Amino acid sequence: MIAFMALVCWTLALLSHGLLQSKIQRLLLIGNTHAIALRVVRLVLPLAALVLCMRLTQPLGLMIWLGMFSLGGLLAGGVLTVASVRARKPRAEA
């Protein structure tokens, strides 16, 4: 359960990091309205994941924290890619 929560924290942190990028904002046609909240999420959630993982034994906790960073990055990149493709896809009028 700790690994899953660390994965969720990393995914949300990396999603917020991606949403702060100007190219992603242009692709998704969103503004920069929640920049402060996204910066706070980007800072706090990796630290929360670290605290969670340090409840495990020391080398295992650190390895899980780093591994969940990698998986979270892949998930966040996939979500942002799918969202940008859907935003650029022309809608069929019914």
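As the structure is a computational prediction, the values presented were derived from the model and not from experiment.

Student: Can you help me understand the packing of helix α3 (residues 35-53) against helix α4 (residues 58-88) in this one?
Tutor: When two helices pack together, their arrangement is given by the angle between their axes and by how far apart the axes lie. Direction vectors running N to C along α3 and α4 enclose 150°, while the axes themselves pass 8 Å from each other. With respect to each other, α3 and α4 are oriented roughly antiparallel. Note on packing geometry: the crossing formed by α3 with α4 is right-handed. Across from P46, A49, L50 and C53 in α3, the residues of α4 making contact are G61, I64 and W65. Here the contact of α3 with α4 is built from residues that sort into 6 nonpolar, 1 polar and no charged.

The rules behind the values
- Residues numbered from 1 in each chain as written.
- Predicted model: local features only at pLDDT ≥ 70, side-chain atom pairs only at ≥ 80, totals over all residues.
- Heavy atoms only, no water.
- Axes fitted to C-alpha atoms, helices over the stretch in contact; angles between N-to-C directions.
- Helix = DSSP H or I, 4+ residues; strand = E, 2+ residues; numbered from the N terminus.
- Parallel < 35°, antiparallel > 145°, perpendicular 65-115°, else oblique.
- Left-handed = near helix turned anticlockwise from the far one by under 90°.
- Contact = heavy atoms within 4.5 Å.
- Nonpolar A, V, L, I, M, F, W, Y, C, P; charged D, E, K, R; others polar.

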